[in-house]
Amino acid sequence: RYSFPYPFSDGCRWRKCRFCGLYCTRRYRASDPDRLLQQLSMLKRKFGCVSFFNIGAELAADDAARIGHALKKKKLRIRWQSMARADRGWTEPLCRRLKKQGFEYVMFGIESLSDPILDLMGKGISAQEQIDALAAACKTGLQPAVSLIFDFPGEKLRDLEITLEAIEPYLDDLSSLTLLRFHLDRTSVMAANETRYAIETENRIFRSVYRDDIFQIRYQDLRRDRHHLSRALQLFDRWIYSINLKRSILFTRDVQSVQLGFDLDFFFEGCHPSKDRMDEYFTLDAILNRRYILNRRLIRSIPGEGKNAGYYHKYRFQGIGAGTVQAQIIRDLDRGLTVAEAIARAEISHWKKTDTYLSLIQMINGLDLLRVLLPDNPNQKPAP
């Protein structure tokens, strides 16, 4: 049920993005399809692997086509996924063929859909070309995962609005959307040309949430309004809440990234054998109207692993404090109030306290995930 990481390719064909350190790596190389299939066949036969994720930086569209053709010719039935550059090679006919050849979803590093920002980044591709590739993948059911970058040096709030407006028509067909705050790669062209990009680097490593500390360095954008980041996050909050009302969604949010998950299969694969009626389980309306007993003792005993330990354990009263809003809401849910009633009783308004409101919804999403993943318990039955 898990996707096995395997290199279908290596490097990036473009290698000219000014913010990325891949420009100094070796040139793009794709695996020979026949040899690749021999290796995948062995992994399937020996270990039962049926799902593979390409861990190369990207897979060019024509190489994906060759691999798909080889899979069809050899009649090897597997599922596979890859990162890719959203360029004009990803056409609707190609995406449709790949879908039939076991290609499940593609991860597009779109970064921005504002042409001025794409020019600053050196992406070498227009917003419309990326939208065309995204539309082709969505229309053919490839369920693309998309990553965007915000707080890029020189970015204005209007650039961010343009990107969010452009991506919104495709949300129904995405598996996930990740909005990452820009981190300066110490080996990038930008880091070596501070004056040109109006930035000032510091000789300190940025402690990244993804633990790629050795590549990320601190910097200051000399042209940037000091309130830009907070305004960008406020824009995100308003936008996330508006799409919450329309969509099933799981999300995490902090000052470095926002991740939106739309496809529950994408998040639950390998975690739980049954997802009956889960499509509507995480919609905002379903969460707000849900009435259940959380059973604090059971939640308090859940073990965590690695960095997830803090995520799970923060719902323990001794961790969050018995007098906090979160603790009050958990107590009210245990007394039989609906989620909406508990939040209203805490006097949290989504209009006046958007950050807190979304954080509480995220907390309850986390509690629901625990309820789904835990063994059946008479006090923990999911709502119909």
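First things first, this report covers the structure right here in the doc. Quick caveat, the model's predicted, so the values are computed rather than measured.

1. Considering the overall build of the protein chain
On a plain count of helices and strands, the protein chain comes out with 16 helices and 13 strands. Out of the 384 residues belonging to the protein chain, those deemed buried represent 48%. The contacts of the protein chain with a sequence gap of at least 6 include a subset with a gap of at least 24, amounting to 69%. Surface exposure of the protein chain reaches about 19700 Å², of which carbon and sulfur atoms provide 50%.

2. With respect to the pattern of salt bridges
According to the stated counting rule, one finds 15 salt bridges in the structure shown. Among the salt bridges present, the one from Asp-225 reaches Arg-231, with a minimum N-O distance of 2.6 Å. For Asp-225, a relative accessible area of 37% puts it in the partly exposed group.

3. Points about unusual backbone geometry
Backbone geometry follows two general trends: most residues other than glycine have a negative phi, and most peptide bonds adopt the trans configuration. Positive phi outside glycine occurs at Lys-75, with the angle close to 60°. When you line up the elements, Lys-75 lands in the loop between helix 2 (61-74) and strand 5 (79-84). Unlike most non-glycine residues, Gln-143 shows phi in positive territory, near 50°. Mapped onto the elements, Gln-143 comes out in the loop between helix 5 (127-139) and strand 7 (145-150).

4. Regarding the packing of aromatic side chains
Per the stated rule, a full pass over the model turns up 8 aromatic pairs. With centroids separated by 5.8 Å and ring planes inclined at 5°, the aromatic side chains of Phe-8 and Trp-80 adopt a geometry described as stacked. With Phe-8 in the loop between strand 1 (4-6) and strand 2 (9-10) and Trp-80 in strand 5, this pair connects stretches of sequence that are 72 residues apart. Taken together, Phe-8, Trp-80, Trp-90, Phe-103 and Phe-108 form an aromatic cluster joined through their ring pairs. Just above the ring of Trp-14 sits the side chain of Lys-16; from NZ or CZ to the centre is 5.0 Å.

5. Description of the pairing of strand 6 (residues 103-111)
Strand residues, when the strand is regular, have side chains that alternate between the two faces of the sheet. Most of strand 6 sits out of view: 7 of its 9 residues are buried. In the classification by handedness, the crossover that spans strand 5, the intervening helix 3 (residues 92-100) and the parallel strand 6 is right-handed. Of the pairings in the sheet, the one linking strand 6 to strand 7 comprises 4 bridges and is parallel in character. Opposite Met-107, over in strand 7, you have Ala-145 as the bridge partner.

6. Some thoughts on the nonpolar core
Across soluble globular proteins, nonpolar side chains have a tendency to be buried as a group. Counting residues in hydrophobic clusters, the biggest one holds 81 residues, and the most contacted among them are Trp-80, Trp-90, Phe-108, Leu-177 and Leu-260. Here the element with the most residues in this core is helix 8 (residues 228-244); it accounts for 8 residues. Counting 14 residues, the second largest nonpolar core, distinct from the first, contains Phe-19, Ile-117, Ile-149 and Ala-191.

7. Focus: the pairing of strand 8 (residues 176-181)
In the sheet, strand 7 pairs with strand 8 via 6 bridges, with the strands oriented parallel. Looking at the pairing, Ile-149 lines up with Leu-180 of strand 8. Read as a crossover between parallel neighbours, the route from strand 7 over helix 6 (residues 157-167) to strand 8 is right-handed.

8. Things to note about helix 2
For helix 2, which comprises 14 residues, the first-to-last C-alpha distance of 20 Å matches the rise-based estimate of 20 Å (1.5 Å per residue) to within 8%. Along helix 2, the residues classified as buried are Ala-61, Asp-63, Ala-64, Ile-67, Gly-68, Ala-70 and Leu-71. Against strand 3 (29-30), helix 1 (33-47), strand 5 and helix 3 lie the buried residues of helix 2. Following helix 2 by one or two positions, Lys-75 has its phi on the positive side, about 60°.

9. Concerning the environment of Leu-260
Assignment of secondary structure puts Leu-260 in strand 13 (residues 257-261). A C-alpha to C-alpha distance of 5.5 Å links Leu-260 and Ser-176, two positions 84 residues apart in sequence.

10. Section: helix 6
Think of an α-helix as turning once every 3.6 residues; residues three or four places apart then point the same way. Regarding helix 6, the residues found buried are Asp-159, Leu-160, Thr-163, Leu-164, Ala-166 and Ile-167. Across the axial projection of helix 6, the buried residues extend over an arc of 165°, all falling on one side.

11. A look at the state of the cysteines
Evaluated as defined, the whole model comprises 0 disulfides. No disulfide involves Cys-17; its sulfur sits 6.2 Å from that of Cys-20, the nearest cysteine.

12. Structural notes on the packing of helix 1 against helix 2
Helix-helix packing is described using two parameters, namely the angle between the two axes and the distance between the axes. Put simply, helix 1 and helix 2 touch, their axes get as near as 9 Å, and they point 60° apart. Viewed along their axes, helix 1 and helix 2 adopt a mutual orientation that is oblique. In the crossing of helix 1 with helix 2, the sense of the turn from one axis to the other is right-handed. Contacts from Pro-33, Asp-34, Leu-36 and Leu-37 of helix 1 reach helix 2 at Arg-66, Ile-67, Ala-70, Leu-71 and Lys-74. Here the contact of helix 1 with helix 2 is built from residues that sort into 6 nonpolar, no polar and 3 charged.

The rules behind the values
Residue indices begin from 1 for each chain and proceed along its sequence in written order. A pLDDT threshold of at least 70 governs which residues receive local features in this predicted model, and a stricter bar of 80 or more applies before side-chain atom pairs are shown or counted, although totals over entire chains, interfaces and linings include all residues. Side-chain numbers come from the whole structure's heavy atoms, not from hydrogens or water. Helix numbering and strand numbering both begin at the N terminus, where a helix is a DSSP run of H or I of at least 4 residues and a strand a DSSP run of E of at least 2. Think of it in three bands: residues with accessible area under 20% of the maximum for their type are buried, residues over 50% are exposed, and the middle band is partly exposed, with areas taken using a 1.4 Å probe on protein chains only. The contact criterion used throughout is that any non-hydrogen atoms of two residues lie within 4.5 Å. To measure how exposed things are, a 1.4 Å probe is used in the Shrake-Rupley method; for residues, cover is taken only from the protein chains shown. Whenever Lys or Arg places a side-chain nitrogen within 4 Å of a carboxyl oxygen from Asp or Glu, that contact is recorded as a salt bridge. When two rings of Phe, Tyr or Trp (its six-membered ring) have centres within 6.5 Å they constitute a pair, described as stacked for plane angles under 30 degrees, edge-to-face for angles over 60, and tilted for the intermediate range. Only lysine NZ and arginine CZ atoms are considered, and such an atom sits over a ring when it is within 6 Å of the ring centre and within 35 degrees of the ring normal. The definition of a right-handed crossover adopted here requires that, viewed with the strands pointing away, the path from the first strand over the helix to the second runs clockwise. When DSSP finds at least two bridges between two strands, those strands are taken to pair. Only buried residues count toward a nonpolar core. Its members are Ala, Val, Leu, Ile, Met, Phe, Trp, Tyr and Cys residues joined through side-chain atoms within 4.5 Å. One less than the residue count of a helix, multiplied by 1.5 Å, gives the span that helix is expected to have. To be clear, the arc concerns the directions from the helix axis to the C-beta atoms. Sulfur atoms of two cysteines make up a disulfide when they are within 2.5 Å. Here an axis means a line fitted to C-alpha atoms, over the contact stretch when the element is a helix, while the angle between two N-to-C directions is reported on a 0 to 180 degree scale. Working definition: roughly parallel below 35 degrees, roughly antiparallel above 145 degrees, roughly perpendicular at 65 to 115 degrees, and oblique for all remaining angles. Each crossing gets its handedness from the near helix: less than a right angle anticlockwise from the far helix is left-handed, clockwise is right-handed. Gly falls in the polar group here, along with every residue not listed as nonpolar (Ala, Val, Leu, Ile, Met, Phe, Trp, Tyr, Cys, Pro) or charged (Asp, Glu, Lys, Arg).

As far as function goes, none of this settles anything; it's purely spatial.
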